[in-house]
Amino acid sequence: MANCILAKIGQLRFLPATNLLQPYRTTTSKHYNPKFKKLRKEKFLKINLHDYNEDIDNLPEEKVRQKMKERGLLPTRPWNDRPFYVSATGGVFEAYIPPEGDGKASIVSTTRAKQTVELLEKKSKSMMAIRKVKSFDEDFDTKEFCRIAQDIYVKAHESLVNNDRHALRTHVTEKAYPEFRHNSFGKTIRWKFLESLEPPRVVHARCTDVISKENIFGQITVRFHTRQQLSVYDRFGRLLHGSEILAKDVLEYVVFEKHLSNVYGNWRVHGKIIPDWAPPKDPSKLTRLMPEEKTVVPEKTDSEETPVVPDK
Amino acid sequence: MNQLLKNIYLATFRINTTQNLHTTIPVTAWSKSDVPKSFLKFNKKIYPPQDPSEEPRPAYVCHQKTNFKYSPDKLWYIASFVRGMTVDEAIKQLSFVNKKGAGLVKEAILEAQELAVTKHNVEFRSNLWIAESFSGKGVVIKGIRRHARGRLGEVRYQYSHYFVRLEEGKPPVDYYKRNPLTPQEQLDKWLEQMRKRKITNSF
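Residues numbered from 1 in each chain as written. Chains lettered and ligands numbered in written order. Predicted model: local features only at pLDDT ≥ 70, side-chain atom pairs only at ≥ 80, totals over all residues.

Student: Honestly, the overall build of chain A in this entry has me stumped. Any pointers?
Tutor: The number of helices and strands found in chain A is eight helices and four strands. Secondary structure of chain A in N-to-C order comes out as α-α-α-α-α-α-α-α-β-β-β-β. When burial is assessed residue by residue, chain A has 17% of its 312 residues classed as buried. The contacts of chain A with a sequence gap of at least 6 include a subset with a gap of at least 24, amounting to 66%. (Helix = DSSP H or I, 4+ residues; strand = E, 2+ residues; numbered from the N terminus. Buried ≥ 20, exposed ≤ 12 C-beta atoms within 10 Å, placed from the backbone. Contact = placed C-beta atoms within 7 Å.)

Student: How should I be thinking about the packing of helix α2 (residues 72-82) of chain B against helix α4 (residues 100-119) of chain B in this particular structure?
Tutor: Residue and element names in this part refer to chain B. Where α2 meets α4, the axes come as close as 9 Å, and the angle between the chain directions of the two elements is 50 degrees. In this view, α2 runs oblique relative to α4, as classed from their interaxial angle. Handedness of the α2/α4 crossing: right-handed. Between α2 and α4, the contacting residues are K74, L75, I78, A79 and V82 on the first element and G101, A102 and V105 on the second. The class makeup of the residues in the contact of α2 with α4 is six nonpolar, one polar and one charged. (Axes fitted to C-alpha atoms, helices over the stretch in contact; angles between N-to-C directions. Parallel < 35°, antiparallel > 145°, perpendicular 65-115°, else oblique. Left-handed = near helix turned anticlockwise from the far one by under 90°. Nonpolar A, V, L, I, M, F, W, Y, C, P; charged D, E, K, R; others polar.)

Student: What should I look at first to understand the UniProt feature "domain: Tim44-like" (unreviewed entry) in chain A in this one?
Tutor: When the UniProt feature table is mapped onto this chain numbering, "domain: Tim44-like" (unreviewed entry) sits at residues 126-274 of chain A. When the span residues 126-274 of chain A is considered, its composition is 30% helix and 45% strand, and the gap between its end C-alpha atoms is 20 Å. (UniProt positions renumbered as here; feature names shortened; annotations may be inferred.)

Student: Would you take a moment to explain the nonpolar core for this structure?
Tutor: Note on soluble globular proteins: their nonpolar side chains tend to be buried together. In terms of nonpolar packing, the biggest core is built from 28 residues, with V105, I130, Y162, V164 and L166 of chain B touching the most fellow members. Counting residues per element, the ones that place at least two in this core are β1 (60-68), α2, α3 (87-94), α4, β2 (128-146) and β3 (152-168) of chain B. Counting residues per element, this core draws most heavily on α4 of chain B, which supplies six residues. Judged by nonpolar contacts, the second largest core, of 27 residues, contains A176, V255, F256 and L260 of chain A. (Core = buried A, V, L, I, M, F, W, Y, C linked by C-beta atoms within 7 Å.)

Student: Please explain the pairing of β2 of chain B as it appears in this structure.
Tutor: Moving residue by residue along a regular strand, the side chains alternate between the two faces of the sheet. Sheet topology note: the β2 of chain B/β3 of chain B ladder contains 16 bridges and is antiparallel. When the bridges of β3 of chain B are listed, L128 of chain B appears paired with E168 of chain B. (Pairing = 2+ DSSP bridges.)

Student: How should I be thinking about the sheet that holds β3 of chain B in this particular structure?
Tutor: Within a sheet, adjacent strands bond to each other through the backbone by hydrogen bonds, running parallel or antiparallel. All names here are of chain B. Overall, antiparallel pairing links the three strands, which are arranged β1-β3-β2 in an open sheet. Unpaired on one side and paired on the other, β1 and β2 mark the two borders of the sheet. This sheet shows a mean twist of 15 degrees between the axes of neighbouring strands, independent of strand direction. In the packing of α2 onto the sheet, contacts are made with β2 and β3, and the angle to β2 comes to roughly 170 degrees. Packing of α4 onto the sheet brings it into contact with β1, β2 and β3, and relative to β1 it is tilted by some 145 degrees.

Student: Can you help me understand the environment of E179 of chain A in this one?
Tutor: As for its position among the elements, E179 of chain A is in helix α8 (residues 176-181). Measuring from C-alpha to C-alpha, the distance between E179 of chain A and P75 of chain A comes to 36 Å, with 104 residues separating the pair along the chain.

Student: Is there a simple way to think about the environment of V222 of chain A in this case?
Tutor: Residues and elements named next belong to chain A. Looking at the secondary structure, you find V222 in strand β2 (residues 216-233). Here the alpha-carbon distance between V222 and N183, two residues 39 residues apart in the chain, equals 25 Å. Not counting the four nearest positions on each side in its chain, V222 is found in contact with C146, A149, P200, R201, V202, V254 and F256.

Student: Got a minute to help me understand helix α6 (residues 142-161) of chain A in this structure?
Tutor: The periodicity of an α-helix, 3.6 residues per turn, causes residues three or four places apart in sequence to face the same way. All names here are of chain A. Taking 1.5 Å per residue as the helical rise, α6 with its 20 residues ought to reach 28 Å, and the 28 Å between its terminal C-alpha atoms agrees with that figure. Turning to α6, its buried residues number three or more, namely F145, A149, I152, Y153, A156, H157 and L160. Here the buried residues of α6 occupy an arc of 125 degrees about the axis, which is enough to place them on one side. Exposed side chains of α6 directed beyond 90 degrees from the buried face belong to K143, E144, R147 and D151. The inward-facing, buried residues of α6 abut α7 (165-171), α8, β1 (188-209), β2, β3 (239-259) and β4 (268-273). Residue N163 follows α6 closely and has a positive phi angle near 60 degrees. (Expected span 1.5 Å × (residues − 1). Arc of directions from axis to C-beta.)

Student: Please clarify how the sheet that holds β2 of chain A should be interpreted in this entry.
Tutor: Residues and elements named next belong to chain A. Spatially, four strands are ordered β1-β2-β3-β4 in an open sheet, and the strand pairing comes out antiparallel. The sheet is open, and its two edges are formed by β1 and β4, each paired on a single side. In this sheet, neighbouring strand axes are inclined to one another by 30 degrees on average, regardless of whether the strands run parallel or antiparallel. Where β2 and β3 come together, 16 bridges link them in antiparallel fashion. By the bridge assignment for β3, R227 is matched with D249. Its contacts with the sheet place helix α5 (residues 110-136) against β1 and β2, and it is angled at close to 95 degrees to β1. On top of the sheet, α6 reaches β1, β2, β3 and β4; it is set at about 130 degrees to β1, its chief contact.

Below is the structure:
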């Protein structure tokens, strides 16, 4: 009972009234006179503590300049170089347009009729291109090439599945490499090439020169009709796409490219032609919450990126 | 460009703080950062695919906040406070903790939550709990203070790191095992113990 708060407050009446109004100190290790506060402070050597989490990216230009001046730094040389690669073209030139329904659509349809006319025109061009390829590579044979192409196609996919970057580079051109690797980070891919339903065949061939007349690239489009199996798992081993037990028939038009003028050039996968009539992609198995709609900001018209090597 | 500036800026700072013999800059522009890396490596770990019959593995995300000016010892209390809470609960609780570190921890958790949703295939941002949360010691800058009779004292200006791992799913019921047994269970356990007794050298 002696420790009761009422007992303590009750004793306050014995104190003089002024004592309650005055601030009182609990610290006894410091001098009560604040004039020594400054002297106490001076005991510590003043150093500038750095803020490591300062958001330098969003600092105003002037502030950055000021900071660099304080430290006597010169601004760095801006990185204006644009690297580009000369052993592969930046796109597919005069791309093959797969006939509607893979050439099995009704002859009456207008697009089909147009395509048949165009086909004749293009066929002769393809012949010329193949002749050009033969001038560089005497042993070139379309039948033999189809077999090699399929081999390259399978190897490219296998190296992607095995996450073997160095092997992938030998089967895939520099343009197709990022397209292959896109979205594959942190995922486990299981892919199987089951069988070829139809023998692959060359449907299109083109040659072009880049920069100089002698610098020639060849591109050949091969049609593959195969049966494959694909399943993609995320980082935690949960199924994202495809199925382990389901085989699918795949019709693909794959573009292969070779730097013909280069003695050591190889045929490599360069791209894929996706026709307009291709069936829509399967939706992702991954469900997500709909993002909240943001207020639309009028976009600035950015100048479109020009490809490194102009398409011809 | 800005990254480069940052590097140089940080590098020169390092020179200013640690009194180096050499005062040249160019080499240090590419100096190593002293930010911990090993914790974030868990974000890159790839687990083997699961069977459809198996229970899907919960997603998780590791996140860290580094080198902020706060004592790691003080931070530890806040770090252990939020452990085993759901993300929403932790944020609610932290907003009532009147400490500098609470704000930093809250910020880290919110960042981790955002990462989980955008990068680590977590569908619902509330369906996360704090599986790991701990503090670490960052850069320590040593200062000097005067003592009487021409003596010196060392002052430590400590920086600290905060690490957090959010896991998908519901948190465990009793993370800290504060009250592991209900009264009935305690009684049962006691009874069990009693019945297990054996008089030595008897049948």
